[in-house]
Amino acid sequence: MVLPLSKLVVLEIAGLAPAPYAGMILADFGADVIRIDRTQGSNTDVLTRNKRSIALDLKNPLSIETIKRLVSKADVILDPFRPGVMEKLGLGPDVLLTVNEKLIYARLSGFGQTGPIALKAGHDLNYLAISGALEMMGRHKEVPHFPLNILADFAGGGMMCVMGIMIALFERVSSGKGQVIDANLTSGTSYLATFPMLMRQHKLLWEGERGTNTLDSGAHFYEVYRTKDDRFMAVACLEPQFYAQFLIGLNLSKEILPDQLDNAQWPAMKKRISGIFMTKTQSEWTRIFDDLDACTTPVLSMEDSVPGGDTPKTGQRWPRKAVFPQPAPLLSRTPGIHVADPTGDPFLTVGKHSVEILSQFEFDKTVIQRLLNEGAMVDVGFRHKM
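These remarks concern the structure in this document. Residue positions are given per chain, counting from 1 as you read along its sequence in written order. Where local features are concerned, this predicted model is filtered to residues with pLDDT of at least 70; where side-chain atom pairs are given and counted, the filter is 80 or more; whole-chain, interface and lining totals use all residues. For the side-chain quantities, the full set of heavy atoms in the structure was used; hydrogens and water were omitted.

**Some words on helix H11 (residues 282-290)**
Rule in force here: Think of it in three bands: residues with accessible area under 20% of the maximum for their type are buried, residues over 50% are exposed, and the middle band is partly exposed, with areas taken using a 1.4 Å probe on protein chains only. Secondary structure counts use DSSP, requiring at least four H or I residues in a row for a helix and at least two E residues in a row for a strand, with both numbered from the N terminus. Picture the helix axis, draw a direction to every C-beta atom, and the arc is the one those directions span. We call two residues in contact when some of their heavy atoms are within 4.5 Å.
Gln282, Ser283, Trp285, Thr286, Phe289 and Asp290 are the residues of H11 that are buried. Angularly, the buried residues of H11 cover 160 degrees about the axis, an arc narrow enough to put them on a single face. Where H11 is buried, its residues contact strand S8 (232-236), helix H9 (240-250), helix H10 (266-277) and strand S9 (296-298).

As structure tokens, then:
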């Protein structure tokens, strides 16, 4: 099977989560992703599958010249550093786009390449906060609550960077030229929040304080409820037809309840529904909602499955356990590389493919040997002179 990105060569400068995630996505769909690691230290990055590693000393001029030669035959380079770091190394876009005018130079940073806070340190939570998205998340009267580091690091950063790369590659078909991508995590996260921000601005499903609106945990029909066995069910029956099915599952009559959209009654309805969910286990509720189109699902874990449960009448049922993440979206003819063994060792040995990669790029054997001899490059599997 030919993978969709099999002709794409990507150089990934080793860095933190967003850049390795972008590289992993490209590698999962067939790109030749070459990770440029440091010669010192070990690799603790779990996002290295389907990649190869070359270990270079970025303080050595020989290594910098080696990277330039690699760039001359590459399509994409991933820069994970704060603004100015690559320039200090002599590897800024002004240099590398001269080496290869078709290069897509993708820069991942927290706050962008310019501006008053461009050089500030930060992490996912900071970018989420500055973007305006964090202020909208959380329960009423409580502090804003963040969704792990998924939103800014991986969605607003890594995933948005891949989208930028794909757009730039598409444009390169007609122009023949590369360009620089500023995939900063703050603006990427802000872009992801377009829908709730516009809904709030126009008072559509968002009219009150945080945690009192339809989609931010205010409504009783868009909420997570605890079950008898201290597990959880997720309820998202927004539309009236699904809400009607939800009430059937709870054995409640619509005629004796307040209107679904009467938000003054939402707190009382939450309390009532919470009590009902506490009467059965997650497995029991899952079996009930297997047979109803109520947008009510078990909260699944990748470690534990929903205990018990038999086949429902319809033959259809919710999954009992979350599956390990696989490359997405699904392509009909050229899908990504399936992760067959999620329990395997995710770490990539630093410098495992150094000589192999330079040989692929047609480096002379004497040049490779010099790099090894002078410590500009390390290959962990290479133990003899060429």
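Still more ground to cover, so stick around.
**Quick word on the sheet that holds strand S7 (residues 222-226)**
Put simply, the rule reads: Following DSSP output, two strands are said to pair if at least two bridges run between them. Fitted lines through C-alpha atoms serve as axes, helices being fitted only where they are in contact, and the angles separating the N-to-C directions of these axes extend from 0 to 180 degrees.
Read across the sheet, 3 strands follow the order S7-S8-S9 without closing on themselves; strand pairing throughout is antiparallel. At either margin of the open sheet sits one strand with a lone partner, and together these are S7 and S9. Direction aside, neighbouring strands of the sheet carry axes that sit 20 degrees apart on average. Taken together, the 5 bridges between S7 and S8 define a ladder with antiparallel strand orientation. Bridge pairing links Glu223 to Val235 in S8. Relative to S8, H11 is tilted by about 35 degrees, and along the sheet it contacts S8 and S9.

**Some words on a nonpolar patch on the surface**
For clarity, the threshold we go by: Patches here: salt-bridge-free residues with over 30% relative accessible area, like charges joined within 9 Å, nonpolar side chains (Val, Leu, Ile, Met, Phe, Trp, Tyr) joined within 5 Å. Calculation of accessible area relied on Shrake-Rupley with a 1.4 Å probe; when residues are assessed, cover is drawn exclusively from the protein chains displayed. Definition used for salt bridges: Asp or Glu carboxyl oxygen within 4 Å of a side-chain nitrogen of Lys or Arg.
Together, Phe195, Leu205, Leu215 and Tyr222 make up a nonpolar patch on the protein surface, roughly 360 Å² of accessible area in all. Checked against the element boundaries, Leu205 lands in the loop between helix H8 (194-201) and S7. The exposure class assigned to Leu205 is partly exposed, which follows from its relative accessible area of 44%.

**What about the packing of helix H5 (residues 124-131) against helix H7 (residues 185-192)?**
The relative placement of two packed helices is expressed as an angle between their axes plus a distance between the axes. As a reminder of what qualifies: Working rule for angles: under 35 degrees goes down as roughly parallel, over 145 as roughly antiparallel, 65 to 115 as roughly perpendicular, anything else as oblique. Helix crossings get a hand from a simple test, with the near helix turned counterclockwise from the far one by less than a right angle marking a left-handed crossing and a clockwise turn marking a right-handed one. Each residue receives one of three labels: charged for Asp, Glu, Lys and Arg, nonpolar for Ala, Val, Leu, Ile, Met, Phe, Trp, Tyr, Cys and Pro, and polar for the others, Gly being one of them.
The N-to-C vectors of H5 and H7 enclose an angle of 55 degrees; their axes lie 8 Å apart at closest approach. What the angle tells us is that H5 and H7 run oblique. The interaxial crossing formed by H5 with H7 has right-handed handedness. Side by side, H5 and H7 meet where Tyr127, Leu128, Ile130 and Ser131 of the first sit next to Leu185, Thr186, Thr189 and Ser190 of the second. Of the residues belonging to the contact of H5 with H7, the class tally is 4 nonpolar, 4 polar and no charged.

**Here's the deal with the side chain of Ser109**
Its location among the elements puts Ser109 in strand S5 (residues 104-109). With a relative accessible area of 5%, Ser109 lands in the buried category. In this structure, Ser109 is in contact with Phe81, Pro83, Asp182, Ala183, Asn184 and Leu185, ignoring residues within four places of it in sequence.

**Description of the packing of H9 against H11**
Running from N to C, H9 and H11 cross one another at 135 degrees; their axes reach a closest spacing of 10 Å. The angle between H9 and H11 places the two elements in the oblique class. Considering how the two elements wind past one another, H9 and H11 form a crossing that is right-handed. In this structure, H9 uses Phe246, Gly249 and Leu250 to contact H11, whose residues at the interface are Trp285, Ile288 and Phe289. When grouped by side-chain class, the residues that make up the contact of H9 with H11 number 5 nonpolar, 1 polar and no charged.

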